[in-house]
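# Secondary and tertiary structure notes
The chain contents come next:
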Amino acid sequence: MAKNLPPTYDKIAKHDVFPETTHDERARYNFLANLNKHLAHVSQGNATAFKNRVQPKFMEEKGRDFENKDELGDAMAKDQHYQTWSALRRCTMEMRQQAGRSLTYRQAAELKEKVNKLNQGKDSLKLNDEVKVPPYLMAVDNHLMPGSYHTELFEGDVSNAANYDGGLFVTTAGLLGRYSDGGGKAMADWMKANNPDFKPKRILDIGCGIGHNTLPIAKMYPDAEVIGIDTGRPMLSYGHARAMSLGYENVKFVQAEASKLPFEDESFDWIQTTMFLHETGGVSIYNIMKEIHRCLKPNGITMHIEQPQYTDDMSMYEKWIRDWDAYNNSEPYWSKMHDIDPIDLLEKSGFDREQFMQIGAQAINDLDDGTQKADEPEDHGRSPIWNVFGAWKK
Amino acid sequence: MEDPIDYISIASNKPKGARPYFFEDPAVERVMNITMAIGMELAVMRERMDSIERLLDEKGVVSREDINSYTPKNKQIETERQQWHSEYISRILRIIQQEMEQMANPDKTLHEIADDIDKM
Ligand SMILES: C[S@@+](CC[C@H](N)C(=O)[O-])C[C@H]1O[C@@H](n2cnc3c(N)ncnc32)[C@H](O)[C@@H]1O
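Residues numbered from 1 in each chain as written. Chains lettered and ligands numbered in written order. Predicted model: local features only at pLDDT ≥ 70, side-chain atom pairs only at ≥ 80, totals over all residues. Heavy atoms only, no water.

### Side note on the interface of chain A and chain B
Contact with chain A, which involves 42 residues of that partner, is made by 29 residues of chain B. Summing both sides of the interface, chain A and chain B together bury roughly 3,100 Å²; the carbon and sulfur share of this comes to 65%. Counting every contact that joins chain A to chain B gives 3 salt bridges. Across the pair Arg48(B) and Asp24(A) runs a salt bridge whose closest N-O atoms are separated by 2.9 Å. If you look at where chain A meets chain B, you find 11 residue pairs in polar contact (both at pLDDT 80 or more). Going through the elements one at a time, helix H1 (23-42), helix H4 (80-105), helix H5 (108-119) and helix H13 (324-328) of chain A are the ones with two or more residues in the side of chain A that touches chain B. The element contributing the most residues to the side of chain A that touches chain B is H4(A), with 15 residues. Considering only residue class, the side of chain A that touches chain B consists of 23 nonpolar, 10 polar and 9 charged. (Contact = heavy atoms within 4.5 Å. Buried area = accessible area lost by both parts, 1.4 Å probe. Salt bridge = Lys/Arg side-chain N within 4 Å of Asp/Glu carboxyl O. Polar contact = N/O pair within 3.5 Å; in protein donor to acceptor, adjacent residues only side chain to side chain. Helix = DSSP H or I, 4+ residues; strand = E, 2+ residues; numbered from the N terminus. Nonpolar A, V, L, I, M, F, W, Y, C, P; charged D, E, K, R; others polar.)

So this is what it looks like as structure tokens:
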């Protein structure tokens, strides 16, 4: 039997604001999920090309090994296999966006209406026109999503959020589970298992997006008030409607900017970010962490799910290939963030060095039926394997 | 209700930032992108055919077994089907045929022809 087949798109969990799809739109997504899986295998050829021809040729010509990532990158850019894989991967990302946009924008008006119906009169959604989208989000469309998280083509347009919701399942080939919440589930499970006496009353999820990973935390701690903040209006409106439709009563969605948190000092027990820090910027990341420290109660905890850390024993090639998404999938801060030492980041923000902790995490995938993992090559930037770091505030 | 938006052109908008090209010649990349999109549409069509076949089977109209074991029953059907393949391939590989025709009978460029016609 064939191994490693992605789940078909119809397995994704639906809710009342989920975009409708036709037969062919689902088939297109099925093709793209399979193509993503396939390209993870094609990407393995890059290491072979590097080892067998790119590096030997360079050493022969220069009489020495690569001195830095730039040199290595220039040599790899001329390799035919790398060119083919890169062009195919870029093409796949662009086709994914196109397929998602065509299916969401054709029903943009209906989506807005569905969202409005669920959001009307609810004070658990707080939008605020004064909140500015930070410049680093305005500078680029992260992961090639035209209009990013904040653009509304008309007042109340949530199409981009809906595109993000369904599309993530395709890009990750379903490895994050039916609700694309495998990261939040892993985080909530870790917290419960390792800190059974920790009873958070107030939890903040910064850069919550549509709340994919906020909801599993709210579910694990039903007595806590869980607040998700984001600067993307469509994300918040859609995310709130999604949470309402899924029956969550302890979650709020608030439009706010991470480096100016509209909350009092020492008012949260737990402040979480998931796949967020790598989409900020070199100065802001410190301001954000300082705000987190300010808003945390003593004995509160902050945790951050991020891309795998670059380690000293990682080869130059390995670090370079992991940067692919930074420049080719518009995640510009992705590689720069790797130059930041998380211990230093936390310490500069007021946390004690000794409190630093780091764990590896893997998504909890409710769609995993055993056909998912065998011989799976790590697809950099897509694999549900993360580095989680954080600290208790003492 | 909002003004209807042009979702077809919006769907294909480019993201911010100049696009990286990986092949030395951007034309190769352009062709690859178009080819992959068509490859995808073929997969979509294939999945649709599969749905149709399964539905016909479920409803007892035509079994999948019948479809799988189908072979042309006479010479005419055989010809029709093979001719379809032949025409299809010729259509896809048109440019190669044209390049061969040009190799066999080198033609003037349209600039040259225009200059010729100017004198006619
Ligand atoms: C990659 S998404 C992650 C979403 C979510 N945490 C998840 O795991 O699904 C990053 C989100 O962070 C938001 N964001 C980025 N910078 C922000 C800032 N300074 N303040 C608030 N939200 C921000 C973006 O709008 C986007 O929705």
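### Some remarks on the domain arrangement of chain B
Structurally, chain B comprises domain 1 (22-71) and domain 2 (74-120). Between the C-alpha centres of domain 1 of chain B and domain 2 of chain B there is a distance of 27 Å. (Domains from an automatic or database assignment.)

### Some remarks on the site of the ligand
Residues and elements named next belong to chain A. Close to the ligand lie 20 residues; Tyr136, Gly207, Asn213, Asp230 and Glu257 are nearest. A distance of 2.8 Å separates a nitrogen atom of the ligand from a polar atom in the side chain of tyrosine 136. Alanine 258 is positioned such that a nitrogen or oxygen atom in its backbone is 2.9 Å from a nitrogen atom of the ligand. Expressed as a share of its isolated accessible area of 600 Å², the protein-covered part of the ligand is 98%. For the shell around the ligand, the class distribution of residues is 11 nonpolar, 6 polar and 3 charged. (Near = heavy atom within 4 Å. Areas by Shrake-Rupley, 256 points an atom, 1.4 Å probe, with all protein chains shown as cover.)

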